[in-house]
Amino acid sequence: MLELDNVSVRFGGLTAVDSVTLSIASNDVIGLVGSNGAGKTTLFNAISGLVRPTSGAIRFEGRDVMATPMYQRARLGIGRTFQIPQPMHELTVRENLIVAQRFGTGKVDHQKIDEILDFTSLTAKANRDAASELALTELKALEVAKALATDPKLLLLDEVLAGLETTGKRRFMGMLKDLHAKFGVGIVMIEHDIETISNLCPRVAVLNFGQLIADGTPDAVFRDPAVIKSYTGAADA
Amino acid sequence: MTELILQALYSGLLQGGSYALIALGLALVFGTMKIINLAHGELVLLAAYIAYSVESGLGLGPMFAIPIALVIVSLTSVGVYYIVSRIKKDREINSLILTYGIGVILTNFILLVWKADIRSTSSSWLQEGFEIGPFFSMRSEVIFFGVSLVLMAALWRWLATSWYGRAVRAVSSNRDAAKLMGIDPGRTEMVSFLVAGILAAFAGVALFSYGVIQPAYGGALTVKAFIITVLAGIGSIPGVLIAAVLLGVAEALTVTLASSALQELSGMVLFLLVLFIMPNGLFGAVRRRG
Amino acid sequence: MKSSSLISTIGLLLAAYVAVPLLLGSNQYVMSMVVAALIIGGVALSWALLGNLGGMVSFGHAAFFGVGAYVSALTTVKLGLPVFAAMLLGGVGATISAVIMLPVLRLRGPYFALAILAYAHIFRIVATEWSSLTGGSGGVANIPTLPTVFGVDLASKTGAYLVVLTLVVCCALAYSRIRSSHYGIALRAMHDSEDATRVVGVNSTLLKGAMLLVSAFMAGLFGAFNAHYINFLEPDYAFNSLWVTLPIVAAIFGGYRTILGPVLGAVVVYLVDQLIFKSLIPTGHQLVLGVLLVAMIVFSPNGLLPLLQKWLKKALGKEKKHA
């Protein structure tokens, strides 16, 4: 469904993403890991259209989306959450979803919106102001809800669990587990916790200094000497 | 033909020096507070009218008006600062409308006090022709070009070495970090308005000496200053001079080669060109795109 | 619409269409000022629309006003088009001039505001220089007046009043429709969180551009109306900064976040300016407008009329408690 072909993103002298080639199928649930600054968010930015790669090709469902603007990629089916939640200001939670659905799919289906609100445990806060009346867990839930409202085929989750305390985290993990099953959407999730990733994702990709150094099952990947080295910085694993 | 063009270049250069003086105050405040003082042109005009009053009332040349203009205009400028600092939210946009309103107040105040007639200096010494080689200009133009250069050098040095000057640079660059280092941004911003007022005072007296003034000119001066600030980009004083000279030359060439009616047009077109093609200005380092 | 606001809207419309002509129709002086106030109100409305929905403050609405005026005037004078058709064309002309300005949308606040101003200056200079088309600085004279329709002479003060009132009502309605539509919701979100909207499929650039075009059309319409109302046009008048200042003061005074605020603000500000300030300070009476603007930004950026509303409500509420 999504093909990254030798994608590189350079900012001046800094290479954030270095010749990454990756294939994502529609029923994949992939964990994307790597130490801070490894290029994970930049890769998401490239896929969703926030930044333009300096070289390489990105194909979504067979078509080249390198020149496709961000709002169009959302309509094509690439959904994305931001690491620091970015709710739509001056709107209620429900209005956030209405806008996402209306512009991401072309029409408004209130039943579907209620479903999504229920799935992300936001029904109680549906009429609250999104930017000022939500707790962190709820803001993160809204990020996911917004993306789901656009009826995506591919969902990019950027550290949705970061900053959450234990109960919130557990609830979220339950939600993430059901995400693929309930909405039939391909998922790539950036997380730091290796245990979480191993739990949720049958496939893991590792980035280190912008390069893809491993791609396989959690077991295989986390035993890979190169991966261990990238985490511990040990001269020999 | 080449003679005409060279003369236009020379006139444009001199004019650019004076334009730079007009623009510097605006550029300084913009750099420090990231707000545009739309009343800046009126401050310059106020100084020009003060020079007129000194000349017509006391019979003294514009040079003698400088101390009075300095006091009045810089105080007014600080006054503008205090009003602007009262804005509670959406400072970027509200300050625009606010300073626009102050501009309207000042323009009409000038209209009330000095009436609508066009004025200019009656000092023949200043208006006398002054030749350097084959190039011709008014004596006042050359004098104030020199004054501009001196003031710009002084400003540059002040920003580089004095305590307040460096504080101004710090606040321009990163307000919060400056606060953490013990710099009071409010004080510093007031200082930048004060200095802008000083520069405006000189610019206004100069304007009266080589040009004509009319109450309605305030707005046009502000626009010119803004065009130069945009052209120069943020954070560069030599940039302001070069941008001002560019504008001066563009205008002079337009007048010589096309028609004098299109003089203002050249500035506008230059402005739009820069915004679209070089959004950071010639020498600037700031993001202008939203 | 809630029944209470529906009733007040109908009441307001009745008062405007029926009561005002009946009560004030014979006083030509007052009527002409009301018409002028409504023209300014219309421009103020278009300015507020751009600010509220588009999130952009413009200092150059005189550009649209002037272009609308010239297009309408010239198409009637040179091509003999009927007045109302020409007025619509005036709006279209203003919209086209806004299309030229679309690249400016990428710019942040102050740059946008002043870039639009630059366009206004350019248009004025073009109108002055292209004398073969526009009559140059001499302007265009003998512009056809509003026609007589169904026996009502629309060129009379009362007739013109009814026309401009209808224009204001139509524009207010359009504004309201856009604001409550899905586009309006997305536009609201775009002010502070444009990326958040783009990532869910909102073509924010297109929406902002559309708002600029709508705002331009409205301002152009009123410029066109004005041309046929005073039957004379010249560049310094059509593109005068007064068409910038007065609408801004009116919109902020009346509360630019509401739809009718700018219109009510225009009526109050203009009438007070013409009736009181002008007689106190004949030259430079706009000084008071400047003071008003400054005071409002500092003390009540949401407008004075909304503030008055709040005080009234509090005062009435207190009375009810005592009774």
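Structure report, in brief. Within each chain, residues carry numbers counting from 1 in the order of the written sequence. A letter from A marks each chain and a number from 1 marks each ligand, given out in the order of writing. Per-residue local features are limited, in this predicted model, to residues with pLDDT of at least 70; the limit for side-chain atom pairs, both in listing and counting, is 80 or more; totals at the level of whole chains, interfaces and linings are taken over all residues.

### Description of the sheet that holds strand E5 (residues 63-64) of chain A
Residues and elements named next belong to chain A.
- Spatial ordering of the open sheet is given by E2-E1-E4-E5, a layout of 4 strands whose pairing is antiparallel. The sheet is open, and its two borders are formed by strand E2 (14-24) and E5, each paired with just one other strand.
- Paired strands, as defined in this entry, are two strands with at least two bridges between them according to DSSP. The helix and strand labels rest on DSSP assignments: H or I over at least four residues marks a helix, E over at least two residues marks a strand, and numbering proceeds from the N terminus. Pairing geometry for strand E1 (residues 2-11) and E2, over 7 bridges, is antiparallel. Bridge pairing in E2 places Phe11 opposite Leu14.

### Comments concerning the sheet that holds strand E8 (residues 186-190) of chain A
Residues and elements named next belong to chain A.
- Taken in spatial order, the 6 strands make up an open sheet running E6-E7-E8-E3-E9-E10, and their pairing is mixed. With partners counted over all chains shown, the strands left at the sheet margins are strand E6 (78-80) and strand E10 (211-216), one partner each. Direction aside, the axes of adjacent strands within the sheet are offset by 20° on average.
- For strand E3 (residues 29-33) and E8, the ladder comprises 4 bridges, and the chain directions are parallel. Across the sheet, the residue bridging to Leu32 is Ile190, located in E8. Axis definition: a line fit to C-alpha positions, over the contact stretch in the case of helices; interaxial angles, taken between N-to-C directions, run 0 to 180 degrees.

### Thoughts on the interface of chain A and chain C
- Our contact criterion uses C-beta atoms placed from the backbone: two residues qualify when those atoms are within 7 Å. Contacts between chain A and chain C engage 21 residues on the former and 17 residues on the latter.
- Breaking the side of chain A that touches chain C down by element, the ones donating at least two residues are helix H2 (70-76) and helix H3 (93-105) of chain A.
- When residues in the side of chain A that touches chain C are grouped by element, the largest group, 7 residues, is from H3 of chain A.
- Think of it as three bins: nonpolar holds Ala, Val, Leu, Ile, Met, Phe, Trp, Tyr, Cys and Pro, charged holds Asp, Glu, Lys and Arg, and polar takes everything else, Gly as well. Here the side of chain A that touches chain C is built from residues that sort into 10 nonpolar, 5 polar and 6 charged.

### Some remarks on the interface of chain C and chain B
- The interface is formed by 35 residues belonging to chain C together with 33 residues belonging to chain B.
- Ranked by residues supplied to the side of chain C that touches chain B, first place goes to helix H5 (residues 109-129) of chain C with 13 residues.
- Classifying every residue of the side of chain C that touches chain B gives 23 nonpolar, 9 polar and 3 charged.

### As for the arrangement of the chains
- The interface with the most contacts, out of 2 pairs of chains in contact, is the one formed by chains B and C.
- As for chain B relative to chain A, no contact occurs, and the smallest C-alpha gap between them is 14 Å.

### Section: the pairing of strand E4 (residues 55-60) of chain A
All names here are of chain A.
- Sheet topology places E1 next to E4; 5 bridges connect them, and they run antiparallel. Its bridge partner lying in E4, Leu4 is registered against Ile58.
- As paired elements, E4 and E5 share 2 bridges and run antiparallel to each other. Bridge pairing in E5 links Phe60 to Arg63.
- Remark: 2 residues form the turn of the hairpin made by E4 and E5, two consecutive strands paired antiparallel; Glu61 in that turn has positive phi of roughly 50°.

### Concerning unusual backbone geometry
Residues and elements named next belong to chain A.
- Notably, Asn6 is not glycine yet its phi reads approximately 55°, a positive angle.
- Note on placement: Asn6 falls in strand E1.
- The burial label depends on the number of other C-beta atoms within 10 Å of a residue's C-beta. Counts of 20 or more mean buried, 12 or fewer mean exposed, and intermediate counts mean partly exposed, with C-beta atoms placed from the backbone. Taking the C-beta count within 10 Å as the criterion, Asn6 has 12 such neighbours and is therefore assigned exposed.
- Phi at Glu90 is positive, roughly 60°, even though this residue is not glycine.

### Quick notes on helix H12 (residues 242-254) of chain C
All names here are of chain C.
- Compared with the 18 Å implied by 1.5 Å per residue over 13 residues, the 18 Å span of H12 between its first and last C-alpha is a close match.
- Of all 13 residues in H12, 12 are buried; the element is thus mostly enclosed.
- Within the sequence span of H12, burial applies to Trp243, Val244, Thr245, Leu246, Pro247, Ile248, Val249, Ala250, Ala251, Ile252, Phe253 and Gly254.
- Just downstream of H12, Gly255 is the residue with a positive phi angle, here 100°. Each helix should span, by expectation, one fewer than its residue count multiplied by 1.5 Å.

### Section: the environment of Pro82 of chain C
Residue and element names in this part refer to chain C.
- The topology assignment puts Pro82 in the loop between helix H3 (61-79) and helix H4 (83-101).
- The exposed category is assigned to Pro82, around which 11 C-beta atoms lie within 10 Å.
- Sequence separation between Pro82 and Ile185 is 103 residues, and the spatial gap between their C-alpha atoms is 38 Å.

### Topic: the packing of H12 of chain C against helix H14 (residues 286-299) of chain C
All names here are of chain C.
- Running from N to C, H12 and H14 point in directions that differ by 40°, and their axes come no closer than 10 Å. Here H12 lies oblique to H14, going by the angle between them. When you trace H12 past H14, the crossing you get is left-handed. Within the contact between the two elements, H12 uses Thr245, Val249, Ile252 and Phe253 and H14 uses Leu289, Leu292, Leu293 and Met296.
- When the residues that make up the contact of H12 with H14 are grouped by side-chain class, the tally is 7 nonpolar, 1 polar and no charged. Working rule for angles: under 35 degrees goes down as roughly parallel, over 145 as roughly antiparallel, 65 to 115 as roughly perpendicular, anything else as oblique. We call a crossing left-handed when the near helix sits turned anticlockwise from the far one by less than a right angle, and right-handed when that turn is clockwise.

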